[in-house]
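Chain by chain, the residues:
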Amino acid sequence: MRLENRTELTLLREQWREKRENEKIRVLICGGTGCLAGGSQKLFERMTELCAGAKNVEIEFGPEVAHIGVKKSGCHGFCEMGPLVRVEPYNYLYLKVQLADCDEIFHETVLRGRPVERLMYHTGGRIYAAQEDIPFYARQTRLVLKNCGHVDAEHIGEALAVGAYESLEKALFEMTPQAVIDTVLRSKLRGRGGAGFPTGRKWQQVAEQPETTRYVVCNGDEGDPGAFMDRSVMEGDPHRMIEGMMIAAYAVGAQEGYIYVRAEYPLAIERLRIAIRQAEELGLLGDRILGTDFSFRLHINRGAGAFVCGEGSALTASIEGKRGMPRVKPPRTVEQGLWGKPTVLNNVETFANVPMIIKNGADWYRSIGTPDSPGTKAFALTGNVKNTGLIEVPMGITLREVIFDIGGGIRGGKAFKAVQIGGPSGGCLTEAQLDAKLDFDSLKRIGAMIGSGGMVVMDEDTCMVEVARFFMSFTQRESCGKCVPCREGTKRMLEILERIVGGTAEPGDLDELLEIADVVQNTALCGLGQSAPKPVLSTIRAFREEYNEHIVNKRCPAGVCQKLLRYRIDPEKCRGCSKCARNCPVGAISGQIKSPFTIDPDKCVKCGTCRDNCAFGAIYVE
Amino acid sequence: MGYMTIDGMRVEFTDEKNILSVIRKAGIDMPTLCYHSELSIYGACRMCTVEDDKGKTFASCSEQPRDGLVIYTNTPRLMRYRKIILELLLAAHNRDCTTCNKNGICKLQDLAHKMRIHYVRFRDTRPVRPLDMSSPAIVRDPNKCILCGDCVRVCADTQGINAIDFAYRGTEAIVTPAFNKKLAETNCVNCGQCRVVCPTGAISIKTNMEPVWDALADPNTIVVAQVAPAVRVALGDLLGIPKGENVMGKLVNVLHRMGFDEVYDTTYGADLTVLEEGKEFLERLSSGEKLPLFTSCCPAWVKFLETKYPELKDHLSTCRSPMQMFGAVIREYYRDPERNGGKKLVSVAIMPCTAKKEEILRPESTTNGVQDVDYVLTTAELAGMIHMTGVLFDELEMEAADVPFGIGSGAGVIFGVTGGVTEAVMRTLQPGHDRSGMTAIKTSGVRGADEVKEFTFPYNGRDIRIAVVNGLANADRLIKRIKAGEAEYDFVEVMACRRGCVMGGGQPTGAGPRTRAARMKGLYDTDVNTQIKKSNDNPMVMSLYQGLLKGKEHRLLHRNFAAAEEKSKN
């Protein structure tokens, strides 16, 4: 069926709304990548089977009284607790659901409306029945992720029912392209890809180019280790992002768009394909959309998973089939982007923000967040916090609130040490900066960046030198190899860091590290290189002593760096039983029975077998 | 148009395309390793980084000049950056400088010296990679590659070949043909432009010096040299002679001293080519078939056309290149036992070109099953051989090339410049010798360094439509236009290298704009000083047609397609 005009779309939307409302009970099984890995596909199949077999129950939108919808939804965000199952209208959220739990959920909740308490979130003696009351969710403001986990991600009807393409309608029929740009400009929406460039300004620049063939490109390359905000949007609510791209295309006069998704996101690609196909079938994509003069085609381009392809010019080169390497600018992407034509290049989250701005207006949008960074930001909260997962918070919230209120604090009662924000291009922040506001400018002021939204929380057992080494090895591997400072400089920085964690560093190494970092930061060609030293610089700034301990005393205070560990036997505790010596694979332990044993550090390979075997807790790591 | 402040100096800029050009105009030799004014801007070496008055650093090659901009080029900070960048590069580079083919003319070595880098603190941890010796013309040594991308860009931008590109990431990045194939297995046309732009010794000429030395020392051989026009205006670059000066006289002398029995001038071969190609062109013009006629002097171009547009092969002139015509004639000449005295002929061609090394090996470059030319030495190799003899080149007396093939016309000598072949043919087609006729040709649009020249020339009551192209990427675009029916020509001259053979792949490297112009001028000046302007006025050529060539014109002067076909069957 092809929608010829606005009325037909409105009618169709009403039909789906009605169908949705007819569903008295909706079982939403998380179909995000995390929960799928936990076995949620089997849960979906079992729940479908159970519901289909029940009397008076019709799956989907049957004519009978008891309508039950069993849906494979997008990511709910509480990945730590997956696989997740939500049952509406009760809003029960079941955690870590196993196949064996399905029957109980069906009989208790679906058929009788009763909660299965053992599957619910509980902390401090309290059971949280409704998803919205769980602290992890209660402190969030889910706007971009609003539909993620609440609608069937593979059905455009569901999306239409909750308002998809309403903003496109408004733009097409009630606004001029310039009015759209003006609204986005006034909303002060800033690019969520990392740099925070004003989106409206970008669109305006493209619209003003003399060349009339223009493109809209969505960056779904999301290469930061541990980040999955964009993936979740693409998987869970693809139409929101597509709608955003279409509004951009209408605003700047583009007829073609590309979504660049890394090939490691097969589910996102699949969901996007389904979404595009369904939109095309309805004529929401294609020629003369809804009978207007606006035509727009959308292509998916899979990237080979190169971090550097998140950089604009490398990304467009990659779409063109060339090697993904950044080029010198100017010309900028807005002037000569894809195929040398003016191009709007925004990331997934940015486009996903657009429909609600058009729908609710710039003033509404500016009422959320801070004056200079309005709106919300999604973060992938990972590391040593209790609740890891995907969160969305208003800009300006403090790190403390995110880590302790939403994240539930540090896992295992350990102390907070640092939070790494902005991925390999970002920096580490410490206790002293916990009250810093999460917005583009505040973070920049303290030497970090909001980045695309990766947030790794680290506890006292984390070695900051090792963290720096990890990120450096990442950027070093992901450097495209084009410019000398990034290609060769990061390699030498990594070598020094490896020496430091390996116990072979010399006193001058720290200065040399800083010297090369300075060169790389100030002379590299693209953002990847320029920001590559940030994790190193920020950790040296805040944890210089820890570096010195490694270099001078060959000690890793956090006890992480293998090569620097020293196993010792406490003579007070040792009873001389010889168990450790017998179990040592390299014969490094010796001593007289019934008197304290000793470890020869030159022979010891730090395997830890002795400590694990000691019945008296006499062996410790220094 | 505007003013910038560079290191406190007020510097005017006009149409400079980047800040780097303005800095250099201001008399500062800003170091670069990946910048070539004729290639696209790449911005990889970062050596040209400058800072503005706010301390912001940027690469000056990739920013446009702006009025009022204040920049500094040599602050202690920038010098430190440059030194470290160089040190990083040197650490990942085979530093066997003393045994490198680029020793003394290497840009990296030069910069390391200028920046006074006396110690490299990092160790080279890269695996040693094998050399690619597969090509008859070019040797690639990945261990000396600094990944500046100049070769990649000249191959893609200027030549449209794309035989090499980057592969792999980070420190594992290398320049390589696709799928790590050998260069000889690719569509490489052996033009050698990659070697010309390579700042280090990573791409070099496959040398034939050794077998030539051996032949020269062998009492049972008679060693004959032919010297191409473009060699004489470039060889001096490496021997302390001013740029563009014609050194043919000294060159003949030194070749004799090295032991060459006879030294001939390929200009003579060019005259043969003009006559044959002129005849062929007139035949095609009257029959109207296989037009436009494509020139066939340039082996890189011939290979390009045969590989990429085999359907247009028939449009190529069947003429051999001047070197090959001459090579066949020389071999025929020395078949006479009276002339060879029972010795074996070794025919050496001294060329500005690396593709010639591949051309002599082609089956159609044989006569009666014998390879016409035995060895090709490039200008750069010859300079090396002269260095080895220890002869003080600039102090040598001049000598004339040997009879009977030592005389060439002015038309033959300008073969070394883009448009030269066409002009030579035009001269032959034009009757009479009056000055106005020569001026008309000169001003017809055939001259100049433009990449594509299109013009018409009146002949026999009609306008001949001519295109003169240099750079294979330009040729590619022209062919596409011809195929699409957007352009129509009768005669098309193509030289693979920009500006023609004077900038060939076997010439001394490091030629800037002044040297390029000087080489072109050098050949045109030689033409001016030559009394015989037309190929058909060369008496030695005309007597050859009456004598040795009689009845053998086709066999000796046109490509041996039978042998080529035979080869392709096997």
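Residues numbered from 1 in each chain as written. Chains lettered and ligands numbered in written order. Predicted model: local features only at pLDDT ≥ 70, side-chain atom pairs only at ≥ 80, totals over all residues.

Engineer: Account for the overall build of chain A, naming residues and giving values.
Structural biologist: The helix and strand tally for chain A stands at 24 helices and 20 strands. In summary, chain A has a C-alpha radius of gyration of 27 Å against a globular reference of 25 Å for 622 residues, a match within 12%. Referenced to the eigenvectors of the C-alpha coordinate spread, the extents of chain A come out at roughly 90 × 65 × 40 Å. Within the span of chain A, comprising 622 residues, buried residues form 54% of the whole. (Helix = DSSP H or I, 4+ residues; strand = E, 2+ residues; numbered from the N terminus. Rg over C-alpha atoms; globule rule 2.2 N^0.38 Å. Buried ≥ 20, exposed ≤ 12 C-beta atoms within 10 Å, placed from the backbone.)

Engineer: Describe the overall build of chain B, naming the residues involved and giving the relevant values.
Structural biologist: When helices and strands are counted, chain B shows 21 helices and 19 strands. Scaling as 2.2 N^0.38, a compact globule of 570 residues should have a C-alpha radius of gyration of about 25 Å, and chain B matches this with 25 Å. With respect to the principal axes defined by its C-alpha atoms, chain B has extents near 75 × 55 × 50 Å. The buried share among the 570 residues of chain B stands at 51%. If you take every contact in chain B between residues at least 6 apart in sequence, the share linking residues at least 24 apart comes to 73%. (Contact = placed C-beta atoms within 7 Å.)

Engineer: Tell me what's going on with the sheet that holds strand S1 (residues 2-6) of chain B, and back it up with residues and numbers.
Structural biologist: Residue and element names in this part refer to chain B. Taken in spatial order, the 5 strands make up an open sheet running S2-S1-S5-S3-S4, and their pairing is mixed. Only two strands of the sheet have a single partner each, and these edge strands are strand S2 (9-13) and strand S4 (57-59). Recorded for the sheet is a direction-independent mean angle of 40 degrees between the axes of neighbouring strands. Here 5 bridges tie S1 to S2, and the two strands are oriented antiparallel to one another. (Pairing = 2+ DSSP bridges. Axes fitted to C-alpha atoms, helices over the stretch in contact; angles between N-to-C directions.)

Engineer: Can you lay out the interface of chain B and chain A for me, pointing to particular residues and giving the numbers?
Structural biologist: The interface is formed by 25 residues belonging to chain B together with 24 residues belonging to chain A. Looking at the side of chain B that touches chain A, the elements with two or more residues in it are S4, helix H2 (76-91) and strand S7 (165-167) of chain B. With 6 residues, H2 of chain B is the single largest residue contributor to the side of chain B that touches chain A. Of the residues contributing to the side of chain B that touches chain A, the split by class is 15 nonpolar, 7 polar and 3 charged. (Nonpolar A, V, L, I, M, F, W, Y, C, P; charged D, E, K, R; others polar.)

Engineer: Could you give an account of the pairing of strand S11 (residues 343-347) of chain A, naming the residues involved and the relevant values?
Structural biologist: All names here are of chain A. Across the 5 residues of S11, 5 count as buried, placing the element largely inside the fold. Burial along S11 is two-sided: Thr343, Leu345 and Asn347 facing one way and Val344 and Asn346 facing the other are all buried. Where strand S8 (residues 215-220) lies against S11, 5 bridges are found, and the strand directions are parallel. For Tyr215, the partnering residue across the bridge sits in S11 and is Thr343.

Engineer: Tell me about the nonpolar core, and please be specific about residues and values.
Structural biologist: Residues Ala248 of chain A together with Trp301 of chain B are the most contacted members of the largest nonpolar core, which totals 352 residues. By residue number, the principal contributor to this core is helix H11 (residues 238-252) of chain A, which donates 10 residues. Apart from the residues within four sequence positions on either side, Trp301 of chain B is in contact with Leu472, Ala475, Val494, Met495 and Ala496 of chain B. (Core = buried A, V, L, I, M, F, W, Y, C linked by C-beta atoms within 7 Å.)

Engineer: Explain the domain arrangement of chain B to me, using residue names and the numbers behind them.
Structural biologist: Residue and element names in this part refer to chain B. In terms of domains, chain B is made up of domain 1 (2-74), domain 2 (122-203) and domain 3 (210-561). Counting residues at the interface gives 16 residues for domain 2 and 20 residues for domain 3. Only helix H4 (150-158) and helix H5 (193-197) provide two or more residues apiece to the side of domain 2 that touches domain 3. The element contributing the most residues to the side of domain 2 that touches domain 3 is H5, with 3 residues. Of the residues assigned to the side of domain 2 that touches domain 3, the class counts are 7 nonpolar, 7 polar and 2 charged. (Domains from an automatic or database assignment.)

Engineer: Before we move on, could you go through the pairing of strand S9 (residues 256-262) of chain A and cite the residues and values that matter?
Structural biologist: All names here are of chain A. Among the 7 residues in S9, 6 count as buried, and that is most of the element. Pairing geometry for S8 and S9, over 6 bridges, is parallel. In the strand pairing of S9, Val216 is matched with Gly257. Sheet topology note: the S9/strand S10 (residues 297-303) ladder contains 7 bridges and is parallel. Residue Glu256 lies in a different strand from S10, and its bridge partner there is Arg297. As for the winding sense of the linkage, the β-α-β connection from S9 through helix H12 (residues 266-281) to S10 is right-handed. (Right-handed = clockwise from strand over helix to strand, strands pointing away.)

Engineer: Go over the environment of Ile464 of chain B with me, naming the residues and quoting the values.
Structural biologist: Residues and elements named next belong to chain B. Along the chain, the position of Ile464 falls in strand S18 (residues 462-470). Residues Ile464 and Met426 lie 38 residues apart in sequence; the distance between their C-alpha atoms is 10.0 Å. Aside from chain neighbours lying at most four places away, what touches Ile464 is Thr456, Phe457, Tyr459, Asp490 and Phe491.

Engineer: Requested: an account of the domain arrangement of chain A, with residues and values cited.
Structural biologist: Here chain A is partitioned into domain 1 (19-134), domain 2 (164-366), domain 3 (376-459), domain 4 (464-552) and domain 5 (566-621). Taking the mean C-alpha position of each, domain 2 of chain A and domain 5 of chain A sit 61 Å from one another.

Engineer: Outline unusual backbone geometry, supporting the account with residue identities and numerical values.
Structural biologist: Residue and element names in this part refer to chain B. A cis amide bond, omega 0 degrees, links Leu291 with the succeeding residue Pro292. Relative to the elements of secondary structure, Pro292 occurs in the loop between helix H8 (266-287) and strand S12 (293-294). A cis amide bond links Val403 to the next residue, Pro404, at an omega of 5 degrees. Relative to the helices and strands, Pro404 resides in the loop between helix H13 (379-389) and helix H14 (410-413). Phi is positive for Lys290, which is not a glycine, with a value near 50 degrees. With respect to the helices and strands, Lys290 occurs in the loop between H8 and S12. Look at Lys290 and you get partly exposed, because 17 C-beta atoms sit within 10 Å.

Engineer: Quick rundown of the environment of Ile569 of chain A? Include the residues and the values.
Structural biologist: Residue and element names in this part refer to chain A. By the element assignment, Ile569 lies in strand S17 (residues 567-569). Along the backbone, Ile569 and Asn583 are 14 residues apart, and their C-alpha atoms lie at a distance of 15 Å. Apart from residues no more than four positions distant in its own chain, Ile569 is found in contact with Cys574, Pro596, Phe597, Thr598, Ile599, Ala618 and Ile619.

Engineer: So what about the packing of helix H8 (residues 177-187) of chain A against helix H9 (residues 199-207) of chain A? Which residues, and what values?
Structural biologist: Residue and element names in this part refer to chain A. For the pair H8 and H9, interaxial distance at closest approach is 7 Å and the crossing angle is 150 degrees. When the axis of H8 is compared with that of H9, the two are roughly antiparallel. Judged by the sense of rotation from one axis to the other, the crossing of H8 with H9 is left-handed. Packed against H8, whose contacting residues are Pro177, Ile181, Val184 and Leu185, the element H9 presents Thr199, Gly200, Arg201, Trp203, Gln204 and Ala207 at the interface. In the contact of H8 with H9, the residues fall into 6 nonpolar, 3 polar and 1 charged. (Parallel < 35°, antiparallel > 145°, perpendicular 65-115°, else oblique. Left-handed = near helix turned anticlockwise from the far one by under 90°.)

Engineer: Give a detailed account of the sheet that holds strand S14 (residues 416-421) of chain A, specifying residues and quantitative values.
Structural biologist: Residues and elements named next belong to chain A. With mixed pairing, 5 strands are arranged side by side in an open sheet as S13-S12-S16-S14-S15. A strand with exactly one partner marks an edge of an open sheet, and here the two such strands are strand S13 (389-394) and strand S15 (427-430). Ignoring strand direction, the axes of neighbouring strands in this sheet form an average angle of 30 degrees. Both S14 and S15 contribute to a ladder of 4 bridges, which runs antiparallel. In the strand pairing of S15, Ala418 is matched with Thr430.

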